[in-house]
Amino acid sequence: MATVTVQSLTYTYPKQAHPVLDHLSGTFPTGKFSLLTGVSGGGKSTLLKLIAGLIPMSATPITFDGHPLSAITPTQRASTVAMLFQEPSTQFTMDTVENELRFALENQQVPAEEIADRCDAALDFIGISNLKFRKLMFLSGGEQQKVALAIIVAMDSDVILLDEPFASIDPPTRLILLEKLVALCNDRGKTIILADHDLSGYQQWVDHLAVLADGQLTLLSTAATRERFAAFTPQRLQLTHVQLPNDQLTVCLQGTQLGLAHGDRQLLTPQDLSLYAHRTTLITGPNGSGKSTLFKALVRLGRYQGQLTYRQTDITKIRKRRYARQVGLMFQAASAQFLNVTVAEELALSQKYGDHAYFTPTRIQQLLQQLNLAGRDEQVLYSLSSGQQKKIQLLCMLIMAPDVLLLDEPLKGLDYASIQAVMTILKTVQQDLNLTLILISHQLSGLDDLVDLHLTLADRHLTYQGVSA
Amino acid sequence: MNPSLKLALLVLIALEVSFIQVWSINVALIVVSLILMLLGRITWRRLLWLTLVPLFFSSALVWSLMLRSSASTHFLIVIFTRLFVYVYMGGWFTLTTPPLWLTHSLEQNAKLPSKFAYGFLAAFNLMPKIQAEVATVRAAALMRGEVLHVWSPRLYFKVILAAMNWSDQLAAAMTSHGFVEGAPRTHAQTVPLVARDWWLFVGSLLLVQVGLFVGLP
């Protein structure tokens, strides 16, 4: 059991002028579930990493029951504080669940004869004994987060830190994990600090919300916390002119008995699916339900069951090189798209092979202005903020102007003004060049003008929504 | 046999074979490795790969030597069989030694610092991720009109960039699961190192020495 105290913590990232955490103070009491919220990029992750000791600091103003982490013997640190990461797959060293659990317990110098029992007990507590011998790589994001939590339970860490742990997992799994966390708090006296910007589903368990803004931490009163929860309504999708597909539409991509799987988990039960040309289709569905997997299958980066045709030709029979110019994908991670070092080089590559008749140098400059990216030509792509990367990435793929452009979370991490700009540009380009756009988005506001068709992925099935024309 | 000793044995034999030209020993080693692989139930597909690839390179090498130099037939046979010795011995080793078991052994028996032992294992576990990354980079390039071949520097630039990112993630993952460099650890499984392993090690080495001595012209 441990109370975490932070006293006047200031942290500035290397090569940055302004501190992300500025004289921040706060207390996270033993046996309490603390929920930390704030805007993205506001320093939530930084604070958690500092508490976990993952970012080293010379003199840390963070203490556990009065002791700084540096005063605790290195091998006992993991039993003092442990962290669950945002990206599920990046937190393991070993290949299977059992090996990873053993690895963690060996590090803590647990006697060899106790290791097996502690592994089993932890898996049992989270309810995933059936996953014991499975390969971590083939588990879903939700299962991986459960395993990560089981490891923390096995290590018996006093303080459990979670950095947006539900960002890529489906709602039922989220609920199970939350219940386990609350049980750890109440029954085992663990201190839990969870950072999340989505406040839905916490009200019954959290009395005081901690808000991180401008580098400072404020603990809200019970009344103010309730107010916040009440005011937080998950974004609702407002699509006013979405219609069911009709006979006049041309099919561009057609799946016949198309099925998708991740490892041995079926994501999409084989079904027929038509995607229509010259329209904008939005695909929605819970986290981890297989939307990105569908996109990967459409660009031949992933396996699928059944047959996929593009304009009546099986996509495996079209030359890879030719097909890649017809159906393009804007990856969810911007860095996956970039092939060069600077902004200018990246744009030049797109101009070389893309639609240069429409995207003249003047038009590109104008678009850069619109996206608030002018004058950054010589900047290294990887030093841009995630929002700026996203906008450059979108521009690069638009200049390529493939017949079908798949956009995986094109608005992720963008501020309001950028979303408006991106929407206007997408709409204009789509109409001018008569493109087919298919997008996945969790950001739902502002899409109304753009979207013509709406597909939902639920219960392993894709269905068109809307009224018939 | 104990994985660390097995590795040491193979490296020693490979070194000797590189310097001493006795083709009969090469053939003997090939036959022994083949028998051991068959006993280890190697798949035919894998055996075929392990044979065809060195066959291609050995033949090319021997052919070019025959055309371009006045090497003796004895030397050509030695060169031809040497590559098979390396590949077959390596094939037997990887077939019979799970990477995790080797890591445990290197850490426990060879007293290799755990940082290196787990570094090796992590690199091994990264293989499928690297393959996926290469496929993604090539697809991303195709969508932009660029064809990246296996020899394109741009492909390696991207993959190295990704690998650097993974190494940071891996370090964080290991730390968060309590790994501390140089700190003592317990072992859920102990890799046995018994007298039999040493007998096998010394016996096999001796046998090769005798063979080399007898076989020397």
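Residues numbered from 1 in each chain as written. Chains lettered and ligands numbered in written order. Predicted model: local features only at pLDDT ≥ 70, side-chain atom pairs only at ≥ 80, totals over all residues.

Novice: Sorry if this is basic, but what is going on with the interface of chain B and chain A here?
Specialist: In many reports, interface size means the accessible area that the parts give up when they come together. Listed by partner, the interface residues are 35 residues for chain B and 45 residues for chain A. The set of elements that each furnish at least two residues to the side of chain B that touches chain A consists of helix H6 (114–143) and helix H7 (153–176) of chain B. Looking at which element gives the most residues to the side of chain B that touches chain A, the answer is H6(B), with eleven residues. Residues that form the side of chain B that touches chain A fall into these classes: 20 nonpolar, ten polar and five charged. (Contact = placed C-beta atoms within 7 Å. Helix = DSSP H or I, 4+ residues; strand = E, 2+ residues; numbered from the N terminus. Nonpolar A, V, L, I, M, F, W, Y, C, P; charged D, E, K, R; others polar.)

Novice: Just to check I follow, could you spell out the domain arrangement of chain B for this structure?
Specialist: Each domain of chain B was delimited in the assignment, giving domain 1 (3–104 + 194–215) and domain 2 (114–176). With centres defined by C-alpha atoms, the gap from domain 1 of chain B to domain 2 of chain B works out at 31 Å. (Domains from an automatic or database assignment.)

Novice: What is the right way to look at the sheet that holds strand S16 (residues 327–330) of chain A in this model?
Specialist: Consider a sheet: its strands pair through backbone hydrogen bonds, and that pairing is either parallel or antiparallel. Residue and element names in this part refer to chain A. Taken in spatial order, the six strands of this open sheet run S16-S17-S18-S13-S19-S20, and their pairing is mixed. Either end of the sheet is taken by a strand with one partner, and the two such strands are S16 and strand S20 (461–465). Sheet twist, expressed as the average angle between the axes of neighbouring strands with direction ignored, equals 20 degrees. The pairing of S16 with strand S17 (residues 404–408) spans four bridges and is parallel. In the strand pairing of S17, Val327 is matched with Val404. Helix H8 (residues 291–298) rests against strand S13 (280–284), S16, S17, strand S18 (436–440) and strand S19 (453–458) of the sheet, and its axis sits at about 150 degrees to S17. Across the sheet, helix H12 (residues 386–400) is in contact with S16 and S17; its angle to S16 comes to roughly 175 degrees. (Pairing = 2+ DSSP bridges. Axes fitted to C-alpha atoms, helices over the stretch in contact; angles between N-to-C directions.)

Novice: Would you take a moment to explain the sheet that holds strand S15 (residues 313–314) of chain A for this structure?
Specialist: All names here are of chain A. A sheet is described by the order of its strands in space; here four strands give the open sequence S12-S11-S14-S15, paired in antiparallel fashion. Each end of this open sheet is capped by a strand with a single partner; those strands are strand S12 (265–276) and S15. Across two bridges, the pairing between strand S14 (residues 305–310) and S15 is antiparallel. Residue pairing in the sheet places Tyr310 in a bridge with Thr313 of S15. Together, strand S11 (251–262), S12 and S14 form the strand contacts of H8, whose direction differs from that of S11 by roughly 120 degrees.

Novice: Would you explain helix H2 (residues 23–39) of chain B in this entry?
Specialist: An α-helical segment advances 3.6 residues per turn. Residues three or four places apart therefore align on the same side. Residue and element names in this part refer to chain B. In a regular helix each residue adds 1.5 Å, so 17 residues correspond to 24 Å; H2 covers 24 Å between its end C-alpha atoms and thus fits that length. When we look at burial in H2, the residues that qualify are Ile25, Asn26, Leu29, Ser33 and Met37. The buried residues of H2 all sit within an arc of 105 degrees when viewed along its axis, so they share a single face. Counted as exposed and oriented over 90 degrees from the buried face of H2: Val31, Ile35, Leu38 and Leu39. Packed against the buried residues of H2 are helix H1 (3–19), helix H3 (44–68), helix H4 (73–96) and helix H8 (195–215). With its phi angle positive at about 55 degrees, Arg41 sits one or two positions after the end of H2. (Expected span 1.5 Å × (residues − 1). Buried ≥ 20, exposed ≤ 12 C-beta atoms within 10 Å, placed from the backbone. Arc of directions from axis to C-beta.)

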